[in-house]
Amino acid sequence: MSRLRSILTAAALAVTATVACPLPSAVGDTTDVSPPGANDWSCKPGAEHPEPVVLVHGTFETMAKNWPTLSPRLKSEGYCVFALNYGGNAMRPIAESAKELDSFVGAVLGATGARKVDLVGHSQGGMMPRYYTKNLGGATKVDDLVGIVPSNHGTETVLVRPAGLENTACPACDEQQAGSEFLTGLNAKDETPAGPHYTVVTTRYDEVVTPYTSAFLDGSAREVTNVTLQDACPLNAIEHDQAPNDPVVHQWVLHALERTGPADPAFKPSCVA
């Protein structure tokens, strides 16, 4: 009974968080409000962190809403941090959004002089970059891809649009349904093409990407690590929407970025409240 109560509480918090964080006033709002610590185009990566980090938001999101805590945390650790808005709140066709990411990564590499970037994405933002690496040449430009509750194999839950967007077309919503033509093509043959290292961070209380294990990627231990937060921190009840703000998630992201290869499955984060 207590476990059921925890799950229902997490789901209720997810709905509250979505309502409490409004989207821009218009769909596709191009107001580029950066999260704290991001988009200092004069930043030059140092030897300790040679790859700039690009943050990729999820469906219905913006960079400002998605990264208010992780962006400044990465900046404080000495990373050059960049973030973008794309796809009209990430609702347009995912292949089109991947082209926007391609252009943005090119701009980051040009400004910083770096050879590669690290990508950290939430939900669709953790899955969409795989199209970029697989089909648009991104595999040679990405060192790490860290997906926070990514929709890698889609969801069995219907993606419900937030208030004000119910009648807005959302091709990306359809493409993220389990078994969609888009995901079937994306996951055909090799799910983790050589080049990047892949880390997936999930939570058992994900009420959006369901089942939560659909986030996992197939690949060798040299290429991919799949993490479930509750394996190391069983009392962590974070859900989908707020996962990018969770301190334990932050530890996994930093760990993955700081080492060669994907995250070490044996890593023990501090299970903070």
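Conventions adopted
- Residues numbered from 1 in each chain as written.
- Predicted model: local features only at pLDDT ≥ 70, side-chain atom pairs only at ≥ 80, totals over all residues.
- Heavy atoms only, no water.
- Helix = DSSP H or I, 4+ residues; strand = E, 2+ residues; numbered from the N terminus.
- Buried < 20%, exposed > 50% of the residue type's maximum accessible area, 1.4 Å probe, protein only.
- Salt bridge = Lys/Arg side-chain N within 4 Å of Asp/Glu carboxyl O.
- Phe/Tyr/Trp six-rings, centres within 6.5 Å; stacked < 30°, edge-to-face > 60°.
- Expected span 1.5 Å × (residues − 1).
- Arc of directions from axis to C-beta.
- 1 Å grid on protein atoms, 1.4 Å probe; cavity = no way out; pocket = protein on both sides within 12 Å on 5 of 7 lines; lining within 4 Å.
- Points joined across faces, edges and corners; volume = space filled by probe spheres on them.
- Nonpolar A, V, L, I, M, F, W, Y, C, P; charged D, E, K, R; others polar.

**Some points on the overall build of the protein chain**
Link 1 in the chain: For the protein chain, the count of helices and strands is ten helices and six strands.
Link 2 in the chain: In the protein chain, buried positions account for 51% of the 273 residues.

**Regarding unusual backbone geometry**
Link 1 in the chain: The omega angle of the peptide bond from T210 to P211 is -10°, so this bond is cis rather than trans.
Link 2 in the chain: Among the structural elements, P211 can be located in the loop between β5 (197–202) and β6 (224–228).
Link 3 in the chain: Within the chain, N39 stands out as a residue other than glycine whose phi angle is a positive 65°.
Link 4 in the chain: Summarising the element assignment, N39 is placed in the loop between α1 (2–20) and β1 (53–56).
Link 5 in the chain: A positive phi angle is found at S123, which is not glycine, with a value near 60°.

**Considering the pattern of salt bridges**
Link 1 in the chain: For the structure on display, the rule yields six salt bridges.
Link 2 in the chain: Measuring nitrogen to oxygen at the nearest pair gives 4.0 Å for the salt bridge that ties D40 to K75. Linking D40 in the loop between α1 and β1 with K75 in helix α3 (residues 70–76), this pair joins segments that are 35 residues apart in sequence.
Link 3 in the chain: A residue is classified by how much of its surface remains accessible, and K75, at 30% relative accessible area, is partly exposed.
Link 4 in the chain: Ionic pairing is found between K65 and D241, a salt bridge with its closest N-O pair at 3.5 Å. Linking K65 in helix α2 (residues 63–66) with D241 in the loop between α9 (229–232) and α10 (247–258), this pair joins segments that are 176 residues apart in sequence.
Link 5 in the chain: Exposure remark for D241: the relative accessible area of 11% places this residue in the buried category.
Link 6 in the chain: Among the ionic contacts, a cluster of salt bridges with common partners joins E61, K65 and D241.

**Quick look at the packing of aromatic side chains**
Centre distance and the angle of the planes are the two values used to describe a pair of aromatic rings.
Link 1 in the chain: Inspection of the entire model under this criterion finds five aromatic pairs.
Link 2 in the chain: Plain terms: the ring middles of W41 and F82 are 4.8 Å apart, the flat faces sit at 55° to each other, and that makes the pair tilted. One end of the pair, W41, is in the loop between α1 and β1; the other, F82, is in strand β2 (residues 81–84), with 41 residues separating them in the sequence.
Link 3 in the chain: Exposure remark for W41: the relative accessible area of 37% places this residue in the partly exposed category.
Link 4 in the chain: The exposure class of F82 is buried, given its relative accessible area of 0%.
Link 5 in the chain: Both rings, one in W41 and one in F104, keep their centres 5.7 Å apart while their planes meet at 75°; by these two values the pair is edge-to-face. A residue pair is termed long-range when its members are at least 10 positions apart, and W41 in the loop between α1 and β1 and F104 in helix α5 (residues 94–112) qualify at 63 residues.

**Things to note about α5**
Link 1 in the chain: Under the 1.5 Å per step criterion, the end-to-end length of α5 is 27 Å for 19 residues, consistent within 8% with the ideal 27 Å.
Link 2 in the chain: Every buried residue belonging to α5 is among I94, S97, A98, L101, F104, V105, V108, L109 and T112, and all of these are buried. Within α5, the buried residues cover an arc of 140° as seen down the axis, which keeps them to one side. Looking at α5, the residues exposed on the side facing more than 90 degrees away from the buried face are K99, S103 and G110.
Link 3 in the chain: In the segment just after α5, G113 is the residue with positive phi, at about 80°.

**Details of empty space enclosed by the protein**
Link 1 in the chain: Per the counting criterion, the structure on display carries one cavity of 30 Å³ or more.
Link 2 in the chain: Of the pockets and cavities examined, the largest cavity occupies roughly 30 Å³.
Link 3 in the chain: The set of elements that each furnish at least two residues to the lining of the largest cavity consists of α6 (124–135), β4 (142–148) and β5.
Link 4 in the chain: A per-class count over the lining of the largest cavity returns four nonpolar, four polar and one charged.

**A few points about the environment of L183**
Link 1 in the chain: The residue L183 is located in helix α8 (residues 181–186) in this model.
Link 2 in the chain: For L183, a relative accessible area of 3% translates into the label buried.
Link 3 in the chain: Taking the C-alpha atoms as reference points, L183 and Y131, separated by 52 residues in sequence, lie 9.6 Å from one another.

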